[in-house]
Amino acid sequence: MIPTLAGRLQTRIFLLATVGVVLTALIVPVLPGTTGSLARTYGTAYLILLAVAVVGLFWELLYHLLMQFRWDKDWPTLFGLVTIVPEGLLMWVLLEQGLIPGVDGPVAFSTFATMFVFVWVGQWLFANGPMRVVSVQWRLRGGRIV
Amino acid sequence: MLQDAGIPVYDVPLVSVGGGFGSFTLLDVLRICGVPASAMRVLSNSDTPWQTWEYLTRVSQLPPAERIRSDAGARPDNIWGFPSYAVHEAWQDKSPKLLWQVLVEPVFTDFFSPRAATVFATVKREADRISYWDMLLKGQVRMVRRRDGGGYFTLLTPPPGSSPTKRVAFRSQYVHLAVGYPGLKFLEDLQQFRETYNDYHRVVNAYEPHEHVYEFLKTRPGTVVVRGAGIVASRVLQRLMDDRERHGLQTRIIHLFRAFVTGPHGRGPWMRRDGGDGWAYQAFTFPKSAFGGQLKARFRRLEGAERAALYKTVGGTTTPKLRRWQEQMRTGRQGDWYHPMQATVHKVEPTPDGRLVSFVSHGDGTPGHHVSDFIIDCTGLEADMPEHRVLADLLEHGGARRNGAGRLTVEESFEVSGTASGNGALYASGAAVAGNHFPAVDSFLGMQTAALDIAADLARRGFCAPLGSGRSISQWLKWATGRRI
Ligand SMILES: Cc1cc2nc3c(=O)[nH]c(=O)nc-3n(C[C@H](O)[C@H](O)[C@H](O)COP(=O)(O)OP(=O)(O)OC[C@H]3O[C@@H](n4cnc5c(N)ncnc54)[C@H](O)[C@@H]3O)c2cc1C
């Protein structure tokens, strides 16, 4: 991908609000390690998703800065996949420390990891293909939606 | 007036002049935006959209099975770039290796690029699908002129015998120009040699057929001087080196760089391009983001001198740093048969035994001379734009202006500035509009960008439907299932 900063931020929010929301809805009922009601798990899952969006905006700033060291000012497909590691770790730490507002009570690692990987990979695949069909201009204007 | 002169006039809402990838891409987008084939005509002296490109790639040593210089998502037959050429070829070859390559490019492998043959085949399929052949009219376009009542007349000379009159005219509200490169550019000293000694055999341009050079070298050991530092120089070197290896030849190569790049270069860590051994390295003709990212946005924002300065920074001659080429050149340097060096050539003369001698100044200022059997000029394709008659006429009579790079000035919609005619509009894409707000115009993706922007402008004028998400998705489904539109 060859994002601009505005494109990064917009794409992050757009994908989480669409693909992320749908994939979360699909995965929650089959997540391992959950306790309590399904409604409660959904609540927790969407709060985590929201946190990924908010914290993600800061990650995007960092990625944009790092991208400046690349002559092509591009963001290889692989980077979009492997950034799951730092982002996932940070999110897990925030969760463990109880720093995600609204999430009370512990979340099992298996629950978190399954959801995180599923949603991340799904979004990554979407951004590397079908997104180009949803908006023909998207890839030609640095990932901006508007 | 035309009728008085006995020239028949045909009415058609939109005419595209050229019939290469530029015309093809625009018609593809417009057909997808709901314009019927009957409302558009392509006027071209080519039988297929890929004819000129096929010729130029073949002579410049890129045969159909070799990989071109654009990324997986730049596919002229598919405006969405999805699925990419990598997926297409992986499916066709049943080769997951190609998928692995696009996954880890450009960090752990070279960028994926499709084979030239893939481009021909897929464009053929798309041309069939959009009824391209029904829109194509053969002939040589002479000029495009504004009409008093608005719109344009385009004057065409059909192939001899195919029409009762020598000329025919098309009256249209819209015209699109995509005439490609005006001609070949030759290095001054080489052109002088060719004219003085009438020798077009030993001094060749890489964009001319020059198979005889490789054939000669198969018959006896020889020395070739290669001049240039771009992708074509790389390809010519590859051919010479492949042949050397394959046929056990003794070819010596003297490679003259006008500017010799010794390493990474640029203003600072945020603007540093890779380079070395003479070359400036870059995967594509511009940094990747110039095709649709940060650099594209920057070019759009800048104007005048600032834009020109950015062109200077990111433009220029480059070649991709492909692992295979690096390996071949290393072998050549070690084996003492490939000699890259900085040199300015002053003149070329024949030797008494029928060879060539290039008189040069080397990088450190010392004079020297190099004797060779052939000289291959790999420095340029693009001649001065007004060498193209239609463009020259447009500059002289049509209100068009040149930009700082000597090309046609266009608006952000790719409408040629100063050429509006009543309710009509004249657009251009490809090499003729380089140096404007969008650097990568002369590329597959650039041509698609122009086509989409032109289509958006035409939608605003009511000529076609806008390409929103709904239409995009439904049209993509048609594309994917091969439904004719
Ligand atoms: C060797 C080479 C390799 C390239 N590789 C790539 C690549 O890998 N990736 C990439 O993105 N880009 C590549 N390009 C750049 C660009 O995409 C191609 O050159 C592309 O073919 C340009 O399309 P075009 O329509 O502007 O010109 P062309 O395809 O050349 O079409 C112009 C057509 O107009 C016709 N014409 C001109 N004047 C008249 C007239 N008066 N009347 C009738 N017809 C006329 C010509 O016959 C020609 O067929 C390459 C270019 C070259 C030269």
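Residues numbered from 1 in each chain as written. Chains lettered and ligands numbered in written order. Predicted model: local features only at pLDDT ≥ 70, side-chain atom pairs only at ≥ 80, totals over all residues. Heavy atoms only, no water.

### Digging into the overall build of chain A
Basically, it comes down to this: Here a strand is any run of E in DSSP of at least two residues, a helix any run of H or I of at least four, and the numbering for each starts at the N terminus. The cut-offs for exposure are 20% and 50% of the maximum accessible area for each residue type, with area from a 1.4 Å probe on protein chains only; residues under the lower value are buried, those over the upper are exposed, and the others partly exposed. We call two residues in contact when some of their heavy atoms are within 4.5 Å. Exposure was quantified through the Shrake-Rupley algorithm and a 1.4 Å probe, taking into account, for residues, occlusion by the shown protein chains and nothing else. The charge count includes Lys and Arg as positive and Asp and Glu as negative, but it does not include His or the ends of the chains. Charged groups are reduced to one reference atom each: NZ for lysine, CZ for arginine, CG for aspartic acid, CD for glutamic acid.
The helix and strand inventory of chain A stands at 6 helices and 0 strands. Listed N to C, the secondary structure of chain A is α-α-α-α-α-α in terms of helices and strands. Projected onto its principal axes, the C-alpha coordinates of chain A cover approximately 50 × 30 × 25 Å. Scored against the burial criterion, the 146 residues of chain A give a buried share of 50%. Taking contacts inside chain A between residues at least 6 apart in sequence as the whole, the part at least 24 apart equals 75%. For chain A, the computed accessible surface area is about 6700 Å², with 76% contributed by carbon and sulfur atoms. When the 9 basic and 6 acidic side-chain charges of chain A are each reduced to a single mean position, those positions are 11 Å apart.

### Some details on the overall build of chain B
Keep this limit in mind: Atoms counted for the radius of gyration: C-alpha only. Globule rule: 2.2 Å times residue count to the power 0.38.
In terms of regular secondary structure, chain B is built from 15 helices and 20 strands. Taking 485 residues into account, the globule formula puts the C-alpha radius of gyration at 23 Å, and chain B, at 24 Å, falls close to it. Taking all 485 residues of chain B together, the buried fraction comes to 58%. Side-chain charges in chain B split into 59 positive and 48 negative, and the spacing between the mean points of these groups amounts to 4 Å.

### Brief notes about the site of the ligand
All names here are of chain B. Let me state the cut-off plainly: When we say a residue is near a molecule or strand, we mean one of its heavy atoms is within 4 Å of it. Here a polar contact means two N or O atoms within 3.5 Å. Within protein one must be a hydrogen donor candidate and the other an acceptor candidate, and residues neighboring in sequence count only if both atoms are side-chain atoms.
Gly-22, Asn-45, Ser-46, Thr-52 and Phe-444 are the nearest of the 31 residues found near the ligand. Between Arg-69 and the ligand, the recorded distance is 2.9 Å, taken from a backbone N or O atom to an oxygen atom. Interatomic distance of 2.8 Å between a side-chain N/O atom of His-388 and a nitrogen atom of the ligand. For the ligand, the protein covers 91% of the area, taking 980 Å² as the surface of the free molecule.

### A word on the pattern of salt bridges
Quick reminder of the rule: Between Lys or Arg on one side and Asp or Glu on the other, a salt bridge is scored when a side-chain nitrogen of the former is within 4 Å of a carboxyl oxygen of the latter.
Counting across every chain of the model gives 32 salt bridges over all chains. Measuring nitrogen to oxygen at the nearest pair gives 3.2 Å for the salt bridge that ties Asp-243 of chain B to Arg-239 of chain B. Separated by 4 residues within a single helix, Asp-243 of chain B and Arg-239 of chain B lie in helix H9 (residues 231-247), roughly one turn from each other. Residue Asp-243 of chain B shares its accessibility class with Arg-239 of chain B, and that shared class is buried. Glu-327 of chain B is the salt-bridge partner of Arg-330 of chain B, the closest N and O atoms lying 3.1 Å from each other. One end of the pair, Arg-330 of chain B, and the other, Glu-327 of chain B, are both in helix H12 (residues 323-334), 3 residues apart, so they sit about a helical turn from each other. Relative accessible area serves as the criterion here: at 38%, Arg-330 of chain B is assigned to the partly exposed category. Classification of Glu-327 of chain B as partly exposed rests on a relative accessible area of 42%. Among the charged side chains, a salt-bridge network with shared partners connects Arg-8, Arg-12, Glu-60 and Glu-87 of chain A.

### Details of the sheet that holds strand S19 (residues 374-377) of chain B
Residue and element names in this part refer to chain B. Selection criterion: Two strands are counted as paired when DSSP detects at least two bridges linking them. For helices, the fitted line uses only the C-alpha atoms of the stretch in contact; every axis is such a line through C-alpha atoms, and the angle between N-to-C directions lies from 0 to 180 degrees.
Strand order in the open sheet formed by 7 strands is S9-S19-S10-S11-S16-S17-S18, and the pairing between neighbours is mixed. The open sheet is flanked by strand S9 (203-205) and strand S18 (367-372), the only strands paired with a single partner. Here the average twist between neighbouring strands, direction ignored, is 40°. In terms of strand pairing, S9 meets S19 through 3 bridges, oriented parallel. Bridge pairing in S19 links Val-204 to Ile-376.

### Focus on the interface of chain A and chain B
Note the cut-off: Using a 1.4 Å probe, buried area is obtained as the accessible area two parts lose upon being combined, added over both of them. Residue polarity is assigned by list, with Asp, Glu, Lys and Arg as charged and Ala, Val, Leu, Ile, Met, Phe, Trp, Tyr, Cys and Pro as nonpolar; anything else, Gly included, falls into the polar class.
Facing the 30 residues of chain A at the interface are 42 residues of chain B. Across the interface of chain A and chain B, roughly 2900 Å² is buried in total on both sides, 62% from carbon and sulfur atoms. Area buried by chain A at its contact with chain B is led by Trp-71, Val-133 and Leu-140 of chain A, which between them contribute 27% of it. Where chain A packs against chain B, one counts 13 residue pairs in polar contact (both at pLDDT 80 or more). Among the secondary structure elements, those contributing two or more residues to the side of chain A that touches chain B are helix H2 (38-67), helix H3 (77-82) and helix H6 (131-134) of chain A. When grouped by side-chain class, the residues that make up the side of chain A that touches chain B number 16 nonpolar, 7 polar and 7 charged.

### Things to note about helix H7 (residues 188-197) of chain B
Residues and elements named next belong to chain B. The following threshold applies: In this description, one arc is meant: the one made by directions from the helix axis to the C-beta atoms.
Those residues of H7 that fall on the buried side of the exposure criterion are Asp-189, Leu-190, Phe-193 and Arg-194. The arc that holds every buried residue of H7, seen down its axis, measures 140°, which confines them to one face. Counted as exposed and oriented over 90 degrees from the buried face of H7: Glu-188, Gln-192, Glu-195 and Thr-196. On its buried side, H7 packs onto S9, strand S10 (223-227), strand S16 (338-350), strand S17 (356-362) and S19. Asn-198 occupies a position one or two residues after H7 and carries a positive phi of about 50°.

### Thoughts on a nonpolar patch on the surface
As a reminder, the rule being used: For patches, a residue must show more than 30% relative accessible area and have no salt bridge; joins then use 9 Å for like charges and 5 Å for nonpolar side chains, namely Val, Leu, Ile, Met, Phe, Trp and Tyr.
Side chains of Leu-62, Leu-65, Leu-66 and Phe-69 of chain A together with Trp-270 of chain B sit close together on the surface and give an oily, nonpolar patch of about 480 Å² of accessible area. Position of Leu-66 of chain A among the secondary structure elements: in helix H2. Given the relative accessible area of 41%, Leu-66 of chain A is considered partly exposed.

### Here we look at the UniProt feature "transmembrane region" (unreviewed entry) in chain A
Residues and elements named next belong to chain A. Heads up, the condition is: UniProt positions are given in the numbering used here, feature names are shortened, and annotations may be inferred rather than shown by experiment.
The positions that UniProt labels "transmembrane region" (unreviewed entry) are, in the present scheme, residues 12-31, 43-63, 75-95 and 107-127. Secondary structure over residues 12-31 splits into 80% helix and 0% strand, and the C-alpha atoms at its two ends are 24 Å apart. The span residues 75-95 is 86% helix and 0% strand, and its two end C-alpha atoms sit 28 Å from each other.

### Notes on the packing of helix H3 (residues 85-93) of chain B against helix H4 (residues 96-104) of chain B
All names here are of chain B. In plain terms, the rule: Should an angle lie under 35 degrees it is considered roughly parallel, over 145 roughly antiparallel, and from 65 to 115 roughly perpendicular; all remaining angles are considered oblique.
Where H3 meets H4, the closest approach of the two axes is 7 Å, and the angle between their N-to-C directions is 160°. With respect to H4, the element H3 is oriented roughly antiparallel. In this structure, H3 uses Ala-86, Val-87, Glu-89, Ala-90 and Asp-93 to contact H4, whose residues at the interface are Leu-98, Leu-99 and Val-102.

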